Amino acid sequence: MSDKAAPLIAGARAAGLAIATAESCTGGMISAAITDVPGSSAVFDRGFVTYSNAAKQAMLGVLAETLDAHGAVSEQVAAEMASGALAHSV
């Protein structure tokens, strides 16, 4: 899988960007693919694996109302997870 993540790492490095992940159903597989790439530590800041709704709320600030209204596997929750990951990373 690291062959698919390598362009992401190279692009982030070239643009001077940092990467953070917010995962649920993937269980950390995206973070694993990124960290399999040699040199990824130059751009990979952190990863959040929030499988439970409680973890989504505690670690990423996902609102209970959003979970109740849309479900854990929804665009709305994914957006709140991404916002939370950005807020808690560099």
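Quick caveat: nothing in here was measured; it's all calculated off a predicted structure. Numbering of residues starts from 1 in each chain and follows the order in which that chain's sequence is written. This being a predicted model, a pLDDT of at least 70 is required before a residue's local features are given, and a value of 80 or more before pairs of side-chain atoms are given or counted; all residues contribute to the totals for chains, interfaces and linings. For side-chain calculations, the full set of non-hydrogen atoms in the structure is used, while hydrogens and water are omitted.

Draft legend 1. Region of interest: the overall build of the protein. Comment: elements are numbered from the N terminus, with helices defined as DSSP H or I runs of at least four residues and strands as E runs of at least two. Scanning the protein from N- to C-terminus turns up five helices and two strands. Going from the N terminus to the C terminus, the protein shows its helices and strands as α-β-α-β-α-α-α. Taken over the C-alpha atoms alone, the protein extends approximately 40 × 25 × 20 Å along its principal axes. Note on exposure labels: buried denotes an accessible area under 20% of the residue type's maximum, exposed denotes more than 50%, and partly exposed covers the range between, all computed with a 1.4 Å probe on protein chains only. Out of the 90 residues belonging to the protein, those deemed buried represent 32%. Excluding contacts between residues fewer than 6 apart, the proportion of contacts in the protein whose partners are at least 24 apart in sequence is 57%. Asp and Glu count as negative and Lys and Arg as positive, but His and the ends of the chain are not part of the count. Taken as the charge centre is NZ of Lys, CZ of Arg, CG of Asp or CD of Glu, depending on the residue. Distance from the positive charge centre (4 side chains) to the negative charge centre (8 side chains) of the protein: 9 Å. We call two residues in contact when some of their heavy atoms are within 4.5 Å.

Draft legend 2. Seen up close, the side chain of Glu 23. Structurally, Glu 23 can be placed in strand S1 (residues 19-23). Ignoring any residue separated from it by four or fewer positions in sequence, one finds Glu 23 in contact with Gly 28, Met 29, Ile 30, Ser 31, Phe 48, Val 49, Thr 50 and Met 81.

Draft legend 3. Expanded view of helix H5 (residues 75-87). Compared with the 18 Å implied by 1.5 Å per residue over 13 residues, the 18 Å span of H5 between its first and last C-alpha is a close match. Val 77, Met 81, Gly 84 and Ala 85 are the residues of H5 that are buried. Angular distribution of buried residues about the axis of H5 spans 100 degrees; they occupy a single face of the element. Facing away from the buried side of H5 by more than 90 degrees, the exposed set consists of Glu 75, Leu 86 and Ala 87. Structurally, H5 contributes buried residues whose contacts are with S1, strand S2 (44-49), helix H3 (53-60) and helix H4 (64-70). Here the expected span of a helix is defined as 1.5 Å times the quantity of residues minus one. In this context, the arc is that of the directions from the helix axis out to the C-beta atoms.

Draft legend 4. Structural context of the pairing of S2. Paired strands are those between which DSSP finds at least two bridges. In terms of strand pairing, S1 meets S2 through five bridges, oriented parallel. Bridging from a neighbouring strand, Thr 21 pairs with Gly 47 of S2. Looking down the strands as they point away from you, a crossover is right-handed if its path from the first strand over the helix to the second goes clockwise. After leaving S1, the chain enters helix H2 (residues 29-35) and then returns to the sheet as S2, a path that is right-handed.

Any functional reading would require information that these geometric values do not contain.
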